[in-house]
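Here is what each chain is made of, one letter per residue.
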Amino acid sequence: MTQATREDDDLSERTAHAAAVRVRSRDAVVRGGFLRLGLVLLAGTVVAGLVSLVVQRVTTALVLRFAGASAGGDAPAFSSTTPSYAGTAATTAVLVAVVAAALGMCVRRRWWRGTEAVAAVVVAALATLLLALPLAGTRFYLGGNTNDQVFRTQFLGRLTDDWHLADMNYAGLPSFYPAGWFWLAGRFADLTGTPAWEAFKPAGIATSAIVPVLAMLAWSRLVGPRRGLLAGLATTAVGVYPALAGPFVDEPYSWCLAAFVPVVAVVAWRAFGDVPARTRTAAAVAVGVALGLGAMTYTLYAGFAALLVALACAWRAGAAWRAGAGPAALRTRVPALVLAAVVSALLALLVWAPYVVEVVTGGGGRAAAQHFLPLISAQLPTPMLAPTPWGAFLLLGTLWLVLAVRRDPVAPPLLLVVAVAYLWYLLSTAALLARTTLLAFRMEAVLVETTAVAGVMGAAALWRALPGVLTRSPLAGRLREVQVLTALAGAAVLVVPLQATGQNLAPQIEKAYTDYTADGTNALGESDESVDGAWTDDLLAAVDAAAAAQGLTPDETVVLSAYYEVFSFRPYRGFQQITPHYANPLSDYDARRAEVESWAAATGPADLLSRMADGPFEAPDVLVLRRADDGYQVGLARDVFPAEPNADWTTTTFDPALFEDPAFTLTDVGPFVVVGVDPAAPGAATAVAPTTTAVG
C-alpha cells in the first residue's frame, strides 16, 4: 500500500468518524439525555450542600479556636472584621492547589471516570471556603442585617415559622415575593432548630457552593468535562465578583438562577435546531422545568430567560424556513415552545397561585418593586474592559463569541444572551415611559457569567490552536514553554480575583460583624447603647410581653415599628412595610401610610381607638415608636420614583397624651417606647393614666 493510499484511507476514516459524531450530536441536546442530567444535578445539589455545611462547620470551629487562643482570657475572639490575614493566606494556598490540579486534569489526554465526582466535592469546598473563612466570626451572612438583608431575613423568618406560603410582612395576604429559595431555607432552619436570621448564613454559603457545582455538571454535558470543570471554577469566581450592585452571592436566591441563564439558552438553541421530535420534546420539558423553577425563585431572571427561549425558537425556525423547510419549520418548533411555556407556568403556579387567585378575584394593587433607577441601571456595564486579569479573561470571552459565532455551535446562543442583556438595558429605559423599569442592573450577573463561560471556551480554543500557530512563528519548537506560560496566565485569571475575595467583599463582611443580633450585641462583642441595635433584645422582650398580655403569640401579633429590624428576629406581622418597593401590591401601601397619619391626628385616646377600630385595615397590636422632644415618632415612606433615592421618608409624630388610657400599656426601651394596644382592656377609652415601666 502506498503512502498516498494510506493517507486517503486515514482521511476517509476521519471523515466517517466526523459524520458519525454529527449524527449523534443531532440525536442529543445534552450528553446522556435529560433524565440523567436531572438525576446528576439532583445528586450534585445534595453532595455540594452537604460538603458546604461540613466545611462551614469545620472552618468556623478552627477559626474561632485560633482567634480565641490569640485573644486569650475572656476577651472577644474578634476585635475587628479582619483580625488576621491567616485566612487569606490559607485561601490562596488552597486556590493555587485546586487551580493547578484542575488545569492539570484538563490537559491530560485521559479523563478518569471519577474525576467529576472529586471535582464536585473540591469546587463545593472551595466556594464554601471563600465565604466561610471571612464570615467565621459572625452569625450573619454578607451584608449583616442592613438594607435589603432585613427583608430577606424577615421573609426567611416567616417561612421558618410556618411552611405555608404567606406574605413576608402583611397578615392575611398571599406572598408577592417568590418564595422558592426561602421556603427551602426555612425548612432547613426549622429542621435544624436554627433561628431564621442565623440560618440565612449557612443557607447562603451553601447556595454559593451548589451553584458552581451544578454549573460544572451542566456544562460538562453540553461542552465536555474539561471545559465544564473550568466553567465551574469560572462560575465560582463570578459569584464573588465585585459587581456594580455588589457581589452576586449577596443575593443567593437570584444568583442560583442567573448563573444558569446561559445554560438554558444553549439547551433551547439546540432544541430548536435540527433534532428529532422526541429529543425536542424532552428538551422543551427540561427548559420548562428550568423556567418554572426560576419563576418560583426569581421572576425577573425567569422572564429574561423566557425571552431568550422565544428568540432562540424564532431565530432557529427562521433559519430552517430560509433553508427550505417552509411552514414545517414552525410546525415542528412552535408546539415545543408552547409545551415549555405550559410546563413552566404549571410549576410557577405552585408559588404564584395564591397571589394570582387574589388578584383575579379581588383586583390587584400598584406594584413598586421595579421603581428603582440607580446609575448602574442607566449606564451600560462593560466588565470586559476592566484593567485586570479577570477583565482580560472576560474580553477574551467576548472576542471568542464574535469570532466563533459561525464556527462553534455554542457561540451563537451565548452571543444571543449577551446581546439581549444589553438590549434589556435599552428596554428598561423605554419602560420609563410607563413609569417603571426592568431593573436592568440585575442583568450584570448574566452578562458576567456568560462572558466568563465564553472565556473558558476561548481559552480552550486558543490552547488547541497553539501547536498550529507556533509552527508558523519564530517560536516554532518552543511549544512546551508557551503552553506553560499560557497555563500560568490561565491560573492567574482564576487565582488573582478569588484570593482577593475578602478584600472585594469588605463592605459586606464589615456589616456582618458590626450589625447587632437578637441579643443586643454584635460579633465584635460591642453593645453601644447609642446604637439602636443594642436595644434589640429588650425591644423583643417588651413586644413579646405586650403581645402575651393580649393572649397573642409572635406570629399572631401585628406590629407597627420605627425600628424595622425587630421583624428579622421574630415572625411578627407588620402593619406597614418599611419601603413601598418591597411591599405587597395588595397591601394598599399609600392608604396604610395615610391611616397611620390619621391616627396621629386623633384628638384624644377615645378618638384614636375609634380610628384604629374603624379603619380599613387590621390595627396593630403593638407600636414601637421612637421618643422625641415633641412626642413619639414613626418613620413612613412613599414612592418617589424615578427620583434617586426612590423613597421619600417622613416622620409622623404621636402626642403622648393619645396613649393616656388603660387600652395602652407603655414600656420605655432605650430611645424607644413600646405601646401595647388592647381596646378590650378594662376601663378602655377613659382618661386614666397608663401603666408605664422602664427598661434601661
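Residues numbered from 1 in each chain as written. Predicted model: local features only at pLDDT ≥ 70, side-chain atom pairs only at ≥ 80, totals over all residues. Heavy atoms only, no water.

Let us look at the overall build of the protein chain. Helices and strands together make up the secondary structure of the protein chain, namely 25 helices and eight strands. Taking 696 residues into account, the globule formula puts the C-alpha radius of gyration at 26 Å, and the protein chain, at 29 Å, falls close to it. Here the C-alpha coordinates of the protein chain stretch approximately 115 × 70 × 40 Å along the principal axes. Sorting the 696 residues of the protein chain into buried and exposed places 50% on the buried side. For the protein chain, the proportion of contacts with a sequence separation of at least 24, taken over those separated by at least 6, is 72%. A total of about 30,600 Å² of accessible surface is found on the protein chain, and carbon and sulfur atoms cover 63% of it. For the protein chain, the distance from the average site of its 46 positive side-chain charges to the average site of its 53 negative ones is 23 Å. (Helix = DSSP H or I, 4+ residues; strand = E, 2+ residues; numbered from the N terminus. Rg over C-alpha atoms; globule rule 2.2 N^0.38 Å. Buried < 20%, exposed > 50% of the residue type's maximum accessible area, 1.4 Å probe, protein only. Contact = heavy atoms within 4.5 Å. Areas by Shrake-Rupley, 256 points an atom, 1.4 Å probe, with all protein chains shown as cover. Lys, Arg positive; Asp, Glu negative; His and termini not counted. Charge placed at Lys NZ, Arg CZ, Asp CG, Glu CD.)

This part covers empty space enclosed by the protein. The tally for this structure, following the rule as stated, stands at two cavities of 30 Å³ or more. Taken as a whole, the largest cavity encloses approximately 50 Å³ of empty space. For the lining of the largest cavity, the secondary-structure elements that each account for two or more residues are α4 (115-132), α7 (196-223) and α8 (225-239). Looking at the lining of the largest cavity, its residues break down into seven nonpolar, four polar and no charged. (1 Å grid on protein atoms, 1.4 Å probe; cavity = no way out; pocket = protein on both sides within 12 Å on 5 of 7 lines; lining within 4 Å. Points joined across faces, edges and corners; volume = space filled by probe spheres on them. Nonpolar A, V, L, I, M, F, W, Y, C, P; charged D, E, K, R; others polar.)

Attention now goes to the confidence of the model for the protein chain. In this model, the protein chain carries an average pLDDT of 88, and 91% of its residues clear a pLDDT of 70 or more. The secondary structure element of the protein chain with the lowest average pLDDT is helix α1 (residues 3-27), at 40, and the one with the highest is helix α10 (residues 261-271), at 97. Within the model, pLDDT remains below 50 along residues 686-691, and this stretch shows 15 contacts once partners closer than five positions in the same chain are excluded. (pLDDT = per-residue confidence, 0-100.)

This part covers a nonpolar patch on the surface. Residues W321, L330, V334, V338, V342, L346, L349, V356 and V360 make up a contiguous nonpolar surface patch of about 790 Å² in total accessible area. With seven residues, helix α14 (residues 334-362) is the single largest residue contributor to the nonpolar patch. As for its position among the elements, V334 is in helix α14. Since its relative accessible area comes to 36%, V334 is described here as partly exposed. (Patch = residues over 30% accessible without salt bridge, like charges linked within 9 Å, V, L, I, M, F, W, Y side chains within 5 Å. Salt bridge = Lys/Arg side-chain N within 4 Å of Asp/Glu carboxyl O.)

Judged by nonpolar contacts, the single largest core of 171 residues is most densely connected at F182, W219, F304, W390, W400 and M443. Residue contributions to this core peak at 17 residues, all from α7. When sequence neighbours within four positions are dropped, the list of residues in contact with W390 reads A234, A237, V238, Y241, V448, A452, V493, L494 and P497. Residues F575, A600, A602 and A619 belong to the second largest nonpolar core, which totals 26 residues. (Core = buried A, V, L, I, M, F, W, Y, C linked by side-chain atoms within 4.5 Å.)

The next thing to look at is unusual backbone geometry. P642 follows F641 through a cis peptide bond whose omega is 15 degrees. Turning to its location among the elements, P642 is positioned in the loop between β4 (631-639) and β5 (647-654). Going from E644 to P645, the amide bond is cis rather than trans, its omega being 5 degrees. By the secondary structure assignment, P645 is in the loop between β4 and β5. A positive phi angle is found at N147, which is not glycine, with a value near 55 degrees. With a relative accessible area of 61%, N147 lands in the exposed category.

Turning our attention to the packing of aromatic side chains. Within the structure shown, the criterion is met by 32 aromatic pairs. The ring of W183 is capped by R187, whose NZ or CZ atom sits 5.9 Å from the centre of that ring. In this arrangement the basic side chain of R592 is found over the ring face of F575, its NZ or CZ atom lying 5.0 Å from the centre. (Phe/Tyr/Trp six-rings, centres within 6.5 Å; stacked < 30°, edge-to-face > 60°. Lys NZ or Arg CZ within 6 Å of the ring centre and 35° of its normal.)

The α-helix advances 3.6 residues per turn, and as a result positions three or four apart in sequence lie on the same side. With 21 residues, helix α11 (residues 277-297) should cover 30 Å at 1.5 Å per step; its first-to-last C-alpha distance of 30 Å lies within 8% of that length. Every buried residue of α11 is accounted for by T279, R280, A283, A284, V287, G288, L291, G292, G294, A295, M296 and T297. (Expected span 1.5 Å × (residues − 1).)

Here we take up the pattern of salt bridges. In total, this model carries 16 salt bridges according to the counting rule given. D639 is paired through a salt bridge with R366; the nearest N and O atoms lie 3.4 Å apart. Of this pair, D639 sits in strand β4 while R366 sits in the loop between α14 and α15 (375-378), and the two are 273 residues apart along the sequence. We classify D639 as buried; its relative accessible area is 17%.

The next point concerns helix α21 (residues 506-514). When we look at burial in α21, the residues that qualify are Q508, I509, A512 and Y513. An end-on view of α21 places all buried positions within 135 degrees of arc, on one side of the element. At its buried positions, α21 is contacted by α20 (501-504). (Arc of directions from axis to C-beta.)

Bringing the pairing of strand β7 (residues 672-677) into the picture now. Across the six residues of β7, six count as buried, placing the element largely inside the fold. With burial as the criterion, each face of β7 is covered, one bearing F672, V674 and G676 and the other bearing V673, V675 and V677. Pairing between strand β3 (residues 622-628) and β7: five bridges, direction antiparallel. Note on β7: the bridge partner recorded for R626 is F672. Both strand β6 (residues 664-669) and β7 contribute to a ladder of six bridges, which runs antiparallel. (Pairing = 2+ DSSP bridges.)

Across the interface, helix α16 (residues 389-403) lies against helix α18 (residues 443-470) with an axial gap of 7 Å and an inter-helix angle of 75 degrees. One way to sum up the angle between α16 and α18 is to call them roughly perpendicular. Taken together, the residues of α18 that come into contact with α16 (itself represented by W390, F393, L394, L396, G397, T398, W400 and L401) are V448, T451, A452, A454, G455, V456, M457, G458, A459 and A461. (Axes fitted to C-alpha atoms, helices over the stretch in contact; angles between N-to-C directions. Parallel < 35°, antiparallel > 145°, perpendicular 65-115°, else oblique.)

The subject of this paragraph is the environment of G397. Its location among the elements puts G397 in helix α16. Given a relative accessible area of 0%, G397 falls into the buried group. A C-alpha to C-alpha distance of 48 Å links G397 and A171, two positions 226 residues apart in sequence. Filtering out sequence-adjacent residues up to four positions away, G397 remains in contact with T451, A454 and G455.

This part is about the side chain of Q483. Structurally, Q483 is set in helix α19 (residues 479-499). Taking the relative accessible area as the measure of exposure, Q483 reaches 16% and is therefore buried.

Glancing now at the packing of α7 against α10. Packing of α7 against α10 brings their axes to within 11 Å, and their N-to-C directions diverge by 25 degrees. Considered as vectors, α7 and α10 are oriented roughly parallel to each other. As α7 runs across α10, the sense of the crossing is left-handed. Note on element contacts: α10 touches α7 through P262, V263, V266, V267 and R270, opposite A218, W219 and L222. Split by residue class, the contact of α7 with α10 holds seven nonpolar, no polar and one charged. (Left-handed = near helix turned anticlockwise from the far one by under 90°.)

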